[in-house]
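This is what each chain is made of:
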Protein chains: 2
Amino acid sequence: MVQWIEDPISDEETLRIAAPAAGLADSVRDLIDAVIRSEVSADELTSIRGEVDALTKRLRVQQLPGSFGETHGMAGALRAWGNAVIGLRNAIAPPLVNTWHADGTIVGEATLTSAYEGPPGRAHGGVAALLLDQVMGEAAHAAERPGFTARLSLNYRNPTPLGRIRAVAKAEPPAPGEEHKTVVLGTLYSIAADGTATVCVEADGLFILPRAARAKLQSSVEREGM
Amino acid sequence: MVQWIEDPISDEETLRIAAPAAGLADSVRDLIDAVIRSEVSADELTSIRGEVDALTKRLRVQQLPGSFGETHGMAGALRAWGNAVIGLRNAIAPPLVNTWHADGTIVGEATLTSAYEGPPGRAHGGVAALLLDQVMGEAAHAAERPGFTARLSLNYRNPTPLGRIRAVAKAEPPAPGEEHKTVVLGTLYSIAADGTATVCVEADGLFILPRAARAKLQSSVEREGM
C-alpha cells in the first residue's frame with residue numbers, strides 16, 4: 001500500500017517473470033477453491049497433499065529470505081506482488097484489480113470465490129474490511145498523501161454475497177497543515193449478473209504517514225515527479 | 001461465524017475426512033508462501049503451474065456445487081471448514097485457532113506468513129480487521145447473542161509485524177430489550193519471540209441478529225441446550 005520504497009529489480013526482469021508468476025498464483029487460487037469444495041476420498045486428499053509438498057519444494061530451491069515486500073520493495077502499484085489484496089503472486093489476494101481515475105477515485109473489481117466465505121454464501125465481514133482498507137489506502141496514495149491505516153470504520157448496510165464485487169474509494173481534501181493525515185471514504189458494492197450495484201458496506205478511514213517516512217516520500221516525489 | 005445451521009454430515013464422517021483435508025490445506029498454505037517468495041525460473045514456474053492445474057482437476061472430480069457453508073451448514077465452530085479466517089479446509093485462513101474461555105473471552109492465535117503482507121514486513125491493515133471481525137463475531141456467539149457484523153471500528157495503535165499474533169475479544173453486556181444487538185470489544189496483539197504482547201489494533205463492533213434468524217436461533221438453543 002505504501003509504495004515509495006525503491007525496487008532493485010529492472011523493468012525487464014519484472015516483466016519477464018511477472019506473467020508466469022501471476023499465472024501460477026491464478027492456478028493456486030483455483031486449487032484453494034477446490035480444496036474447500038472437493039468431496040474426493042481421504043486417500044486421494046492425502047495423495048494430492050504429497051504432490052503439493054513436492055511442488056512447494058521445487059519452488060523453494062531458490063527463494064527470497066523473507067516476505068516479498070521486505071526484500072524487493074515496491075516502486076509502483078504493479079510491483080506490490082506480495083500484497084494480501086492486490087498481489088499478483090499472492091494466491092490469498094482475490095486479486096482486487098484497481099483502476100486509478102483522474103479525479104482521485106480508485107475503483108477495485110474482484111470476484112469472491114468460496115475462499116472468502118463467512119456466513120453461508122456470503123463474504124466474511126472481515127473480507128469486506130480487507131478489500132476496503134486496500135482501495136482506501138490507494139486513494140490516499142492517489143491524493144499524493146500515502147499513509148498507514150490509523151483508523152478504519154465500517155458500516156455494514158447489506159450482506160455481501162460471494163461473487164462479483166466493486167470497491168470504490170476517494171480521499172477527502174486535507175485539513176490545512178494536516179497534509180500527513182488523510183480521511184478517505186469507501187464503499188463496497190455487490191454486482192449482480194445484470195450489472196446492478198448494491199451498497200454492502202460503507203467505510204471511512206484515516207491514513208497517516210509516520211514522521212520518519214515523510215522526508216523519504218518527499219525526496220521520492222521530487223525524483224520521480226509523481 | 002453464525003453457526004446454528006444444521007449440519008447433515010455425521011460426526012464419524014466429519015472426523016474421518018477432517019484430518020486429511022486439514023493436512024492438504026496446510027500444505028497449500030505452504031505452497032502459497034512459496035509462490036510469493038520463489039526465485040526459480042519462468043520455465044519452472046510455468047511447469048509447476050501445469051502440475052497445480054492437474055491436482056485441482058483431481059480434486060474437482062467430485063465436489064460441492066457451491067461454497068462450503070452453503071452446502072454443508074455448520075453445527076459447531078469446528079465445522080466452519082470453509083471460513084476465510086478459521087476454516088481448516090481454507091488455505092486462505094491462517095488459520096486463526098480460537099479458544100473459548102468460560103468468562104466469554106475468545107482468544108485466537110495465528111502466525112502470519114508472507115501472504116498477509118501489506119506494508120513491507122507488516123501485516124496488511126485489512127488483515128487485522130479480518131482477524132478481529134472473526135474473533136469478535138465468535139465473542140457475540142459465546143455470549144449467546146450471535147449476529148452479523150453491523151459496524152466495525154478499528155484503531156491502529158502500532159504496526160503489526162508479520163509473525164505471531166493474538167486476537168482477543170469479549171462481548172459487553174446487552175442493553176435491556178436489545179439482546180439482538182451485541183457490542184464486542186477486541187484487541188489484536190503482536191507476540192514477540194519471548195512472549196511479550198504488544199497492542200497493535202483496538203476494535204469495537206456491533207453484531208446484530210436479523211429478525212428472520214432470531215426464531216430459528218431460539219428453537220436451536222432450546223433443542224441443543226446451548
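How each quantity is defined
Residues numbered from 1 in each chain as written. Chains lettered and ligands numbered in written order. Predicted model: local features only at pLDDT ≥ 70, side-chain atom pairs only at ≥ 80, totals over all residues. Heavy atoms only, no water. Helix = DSSP H or I, 4+ residues; strand = E, 2+ residues; numbered from the N terminus. Buried < 20%, exposed > 50% of the residue type's maximum accessible area, 1.4 Å probe, protein only. Contact = heavy atoms within 4.5 Å. Areas by Shrake-Rupley, 256 points an atom, 1.4 Å probe, with all protein chains shown as cover. Salt bridge = Lys/Arg side-chain N within 4 Å of Asp/Glu carboxyl O. pLDDT = per-residue confidence, 0-100. Phe/Tyr/Trp six-rings, centres within 6.5 Å; stacked < 30°, edge-to-face > 60°. Lys NZ or Arg CZ within 6 Å of the ring centre and 35° of its normal. Axes fitted to C-alpha atoms, helices over the stretch in contact; angles between N-to-C directions. Parallel < 35°, antiparallel > 145°, perpendicular 65-115°, else oblique. Nonpolar A, V, L, I, M, F, W, Y, C, P; charged D, E, K, R; others polar. Buried area = accessible area lost by both parts, 1.4 Å probe. Pairing = 2+ DSSP bridges.

A.B. asks: If you had to explain the overall build of chain A to someone new, which residues and values would you point to?
C.D. replies: A count of helices and strands for chain A gives five helices and six strands. Each helix (α) and strand (β) of chain A, taken in turn from the N terminus, gives the series α-α-α-β-β-α-β-β-β-β-α. When each of the 226 residues of chain A is scored for burial, the buried share is 55%. Considering only contacts within chain A whose residues lie at least 6 apart along the sequence, 66% involve residues at least 24 apart. Counting every atom, chain A has about 9100 Å² of accessible surface; 54% of that belongs to carbon and sulfur.

A.B. asks: Could you give me a rundown of the pattern of salt bridges, with the residues and numbers involved?
C.D. replies: Per the counting criterion, the structure on display carries 24 salt bridges over all chains. We note a salt bridge from Glu44 of chain A to Arg58 of chain B, for which the minimum N-O separation is 2.9 Å. With Glu44 of chain A in helix α2 (residues 42–59) and Arg58 of chain B in helix α2 (residues 42–59), the pair connects residues from two separate chains. A residue is classified by how much of its surface remains accessible, and Arg58 of chain B, at 25% relative accessible area, is partly exposed. Connected through shared salt-bridge partners, Asp30, Asp33 and Arg37 of chain A together with Arg60 of chain B make up one network.

A.B. asks: Any chance you could break down the confidence of the model for chain A for me, citing the residues and the numbers?
C.D. replies: Low-confidence regions, as indicated by low pLDDT, have predicted coordinates that should not be scrutinised in detail. Residues and elements named next belong to chain A. With 84% of its residues at a pLDDT of at least 70, chain A reaches an overall mean of 87. Contacts for the low-pLDDT stretch residues 1–6, under 50 throughout, to residues beyond four places or in other chains number 33 contacts. For the stretch residues 70–78, pLDDT sits under 50, and the model shows 35 contacts to residues farther than four places along the chain or on other chains. Here the complex is predicted with pTM 0.89, and the ipTM for its interfaces comes to 0.88.

A.B. asks: Give me the packing of aromatic side chains: which residues, what numbers.
C.D. replies: One pass over the structure, following the stated rule, counts two aromatic pairs over all chains. On the basis of an interplanar angle of 40 degrees and a centroid distance of 5.9 Å, the ring pair of Phe68 of chain A and Trp81 of chain A is categorised as tilted. Residue Phe68 of chain A is located in helix α3 (residues 68–72), and its partner Trp81 of chain A is located in the loop between α3 and β1 (97–100); the two are separated by 13 residues in the primary sequence. In this structure Phe68 of chain A comes out as buried when scored by relative accessible area, which is 3%. Judged by relative accessible area, Trp81 of chain A falls into the buried class, the value being 5%. For the cation-ring pair, Arg122 of chain A lies above Phe148 of chain B, with the distance from its terminal atom to the ring centre recorded as 4.8 Å.

A.B. asks: Summarise the packing of α2 of chain A against α2 of chain B; cite the residues concerned and give the values.
C.D. replies: In contact at an axis separation of 11 Å, α2 of chain A and α2 of chain B are set at 170 degrees when each is read in the N-to-C sense. Classified by the angle between their axes, α2 of chain A and α2 of chain B sit roughly antiparallel to one another. Where α2 of chain A approaches α2 of chain B, its residues Glu44, Leu45, Ser47, Ile48, Glu51, Val52, Leu55, Arg58 and Leu59 of chain A are matched on the opposing element by Glu44, Leu45, Ser47, Ile48, Glu51, Val52, Leu55, Arg58 and Leu59 of chain B. In the contact of α2 of chain A with α2 of chain B, the residues fall into ten nonpolar, two polar and six charged.

A.B. asks: Before we move on, could you go through the interface of chain B and chain A and cite the residues and values that matter?
C.D. replies: Each partner contributes residues to the interface: chain B has 85 residues there, and chain A has 85 residues. Summed over both partners, the interface of chain B with chain A comes to about 7800 Å²; 61% of that surface belongs to carbon and sulfur atoms. On inspection of chain B and its partner chain A, the count reaches eight salt bridges. For the side of chain B that touches chain A, the secondary-structure elements that each account for two or more residues are α1 (11–37), α2, α3 (68–72), α4 (125–142) and β3 (148–156) of chain B. Summarising the sheet, strand β3 (residues 148–156) of chain A and β3 of chain B pair through five bridges and their orientation is antiparallel. Residue Leu154 of chain A lies in a different strand from β3 of chain B, and its bridge partner there is Leu152 of chain B.

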